[in-house]
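Below, each chain spelled out in residue letters.
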Amino acid sequence: MATPSSVPLQPIYPLQKVPTITIGHEPSSPGYHGHYSNYSSPPYTAFSDGRRKFLLAIITAAAFLAPVAGNIYLPALPQLSVDFRVSRVAINATVSIFMLVFAIAPLFWGACADFMGRKPLYTISFLIFVLANAILIFIPANYGALFFLRILQATGASSVASLGAGTIADMYEPKIRAGAISIFMLGPQLGPVLGPVIGGAIIGGTSWRWIFGFLAILGAAIWVWMLFCLPETLRAKVGNSAIHADKPWVAFPNFHARAPIKPGTIIMKRPSAMNVFKLLKYPPIVLVSVNVAILFGSYYCVAVTLPTRLRYEYHFSETAIGVAYIPIGVSMIAGSLLSGRYSDWDHTRAQRASPDGKVAPENRIKSQLFGVVLFPVGIELYGWSCYFAFHPAVVLTATAVVGFSMSWVFATNTTYMTLAKPGQAATLVAIASLFRNPAASLASLVIDPIVTKIDMSCILIVIVLIWYGPGWRKNIEDEMAAEKAKAAPSMGAGAVGVSAVSLAPSTMQR
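Parameters and conventions
- Residues numbered from 1 in each chain as written.
- Predicted model: local features only at pLDDT ≥ 70, side-chain atom pairs only at ≥ 80, totals over all residues.
- Heavy atoms only, no water.
- UniProt positions renumbered as here; feature names shortened; annotations may be inferred.
- Axes fitted to C-alpha atoms, helices over the stretch in contact; angles between N-to-C directions.
- Helix = DSSP H or I, 4+ residues; strand = E, 2+ residues; numbered from the N terminus.
- Left-handed = near helix turned anticlockwise from the far one by under 90°.
- Contact = heavy atoms within 4.5 Å.
- Nonpolar A, V, L, I, M, F, W, Y, C, P; charged D, E, K, R; others polar.
- Phe/Tyr/Trp six-rings, centres within 6.5 Å; stacked < 30°, edge-to-face > 60°.
- Buried < 20%, exposed > 50% of the residue type's maximum accessible area, 1.4 Å probe, protein only.
- Lys NZ or Arg CZ within 6 Å of the ring centre and 35° of its normal.
- 1 Å grid on protein atoms, 1.4 Å probe; cavity = no way out; pocket = protein on both sides within 12 Å on 5 of 7 lines; lining within 4 Å.
- Points joined across faces, edges and corners; volume = space filled by probe spheres on them.
- Domains from an automatic or database assignment.

With an unreviewed UniProt entry as reference, the protein is termed Dityrosine transporter A, source organism Mytilinidion resinicola. According to the UniProt record, the Subcellular location (unreviewed entry) comment for the protein reads "Membrane".

Printed below as a string of C-alpha cells:
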C-alpha cells in the first residue's frame, strides 16, 4: 500500500493554454488573450476583460438599488403618517429600523458568502427584497406590517454591500482592483442622492404604493439578471473561474459549481459571530472602519441639512431642491473613478520600484491623504456659506467638494479592506458598513459644533495607518502562519504536500 508521500501529486489545474506576458507589454486582461504557453501559471481569473466588466455592471446596479430603497421612501413620509394613522415619530422609526438593519445584516451575508459562495446569497437576498416590496404594494395600511416589511427590505437589500466587494476581489487582482472598486462604489454613493429625487417624482404623480412597485420591478429585473448571468466566483469553490470561461454569458443557474483549488487558497470555516470579534481586534481594520464612519457621518450632516437651507434661506422649490443634489452626484462619480485609477497607477509604480515586486496593502492608504485633507475644507466652506447666506452656487460647490473627497477616500478604503485579510473580503467590507450607517444616524444629532473637528481626525488616522499598518498586518500574517502550522500535524504525514491550502484564523482545509 502506497504511503501518502509516495502518492503521485496531481496538478491542481490541468495543463492548458494560458497567456504569457511579453516583456514591456502587459495584456489588458488576465483572461485568455494574446500568445499562449503550456507552461505559464494560471491567470488570476479566466474571465475575459469584457465579461468582467459585464459582471461588474451587474453588481454595481445591484449596489445602487439598496440605498435607493432606503432614501426613495423619504418624500412619502408625511403621506404615510396620514394613511397609516401614526405620528411622524412613529413613521420616522421605519426609516431608523431600515438603517439599523442595513448596518448589521451585511455581517451575516458577508460571513456566509466567504464560506457558502456568492451566487446563492445574491439569489436569496434579492428574492427577499422583491417579495417584501411586492407585499407592500397591496398591503392594507397596517403599521406593524409596514415596520416588519421594512426590516425584510433592508435585510435583502443589504447583501450587496459585502457580496459585491467579495465578487470584485474574486475577479480582479490587487494591482487593478481599486479601479473596479471605484466603479462598484458608484452604486452605494449615488443611491442616497437619486433616491429622494425618484421618490419625489413618484409621490408627486401617483400613490406612495408605486414607490414599492418601482422597487419591486427594478429588483426583480436585477434578480433575473444575476440569476442567469452572474456565475459563482468564490475562489475557495471555483478557483480562478476557469470552469466558467468557455461557457455562455447567459446560462441556466448552477449553484453547485466547483473546481480544483490552487494551493494557497484560503477556505473559510462555517461563519460565526466570534470571527467578527476576532477581526475587530486588529487595529488596521478598526481604524479604516472608523475613518469611513466619520466621513460618511459628516456627509450625512450635509445631506440632511441641505434641503432645509435651500428651502428657507434661498426659497428653492421641491423640484429645485432635488436638482441641487446633482452636483453632489456628479462629484461623487468623478471622485470615485479618479481615485481608483490613481490608486492603481500608484500601486503599479510602487511595484516596479520594489526589489521583490511586492507592495504592502498600506500603500493604498497613502493616496487617501488628498481626500481626507480636502474633505474638512468642503465641510467648512459649506458651513460658512450657509451661515453667511452666500450665493447658492457657493453652497452647491461646497457640497460637490464634500462628495468628491468622500468618494476619493471610499474607493481606496474598500480596496484596502479586500487586501487586509485574504479570504474574508466580504466580511471585512461588512464590518465597515457596521460602522458607517450608525455614524450617519448619530451625526445628525451633533451636526454643528464638532463635525469639522472630527473630520480633521481622519488625517491623523490615515497617517497612523501608513506608519503602523504594516506592523499590525504582520501580526495578522503571523497568526495565519501559526494556525496553518497548528493544523498541519492533525492532517497526517505527507498531507501538507498533497493539499497545500492556506489556513487563517477561522479558516479550514477542504
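Picking up after the structure, the text goes on.
### Points about the packing of helix 1 (residues 49-71) against helix 4 (residues 119-138)
Each pair of packed helices can be described by the angle between their axes along with the distance between the axes. Taken N-terminus to C-terminus, the directions of helix 1 and helix 4 make an angle of 35°; their axes are 13 Å apart at the nearest point. In the packing of helix 1 onto helix 4, the handedness of the crossing is left-handed. Residues I59, A62, L65 and A69 of helix 1 form the contact with helix 4, whose own contacting residues are Y122, F126 and F129. Looking at the contact of helix 1 with helix 4 residue by residue, the class counts come to seven nonpolar, no polar and no charged.

### As for the packing of aromatic side chains
With the rule as written, the count across this model stands at 20 aromatic pairs. Taken together, a centroid distance of 6.0 Å and an interplanar angle of 10° make the contact between F98 and F102 stacked. Separated by four residues within a single helix, F98 and F102 lie in helix 3 (residues 88-116), roughly one turn from each other. Classification of F98 by relative accessible area gives buried; the value is 2%. You can call F102 buried: its relative accessible area is 10%. Through successive ring pairs, a cluster of aromatic residues spans Y342, W345, F370, F404 and W408. The positively charged end of R52 is found above the aromatic ring belonging to Y172, 4.4 Å away from the centroid. Over the aromatic face of Y44 sits the side chain of R235, whose NZ or CZ is 3.9 Å from the ring centroid.

### As for empty space enclosed by the protein
Under the counting rule described, the total for this entry stands at four cavities of 30 Å³ or more. Quantified by volume, the largest cavity comes out at close to 460 Å³. Together, 32 residues line the largest cavity, and F102, P188, F296, R436 and N437 are the ones closest to its centre. Those elements that provide at least two residues to the lining of the largest cavity are helix 1, helix 3, helix 6 (159-171), helix 8 (186-205), helix 13 (283-312), helix 18 (392-420) and helix 19 (425-443). A breakdown of the residues in the lining of the largest cavity according to their chemical character gives 23 nonpolar, eight polar and one charged. Composition of the lining of the largest cavity by domain shows at least three residues from each of domain 1 (45-255) and domain 2 (278-483).

### A closer look at unusual backbone geometry
One non-glycine residue, R85, adopts positive backbone phi at about 55°. Judged by its relative accessible area of 78%, R85 is exposed. Phi at S241 is positive, roughly 65°, even though this residue is not glycine. Turning to its location among the elements, S241 is positioned in the loop between helix 10 (235-238) and helix 11 (242-245).

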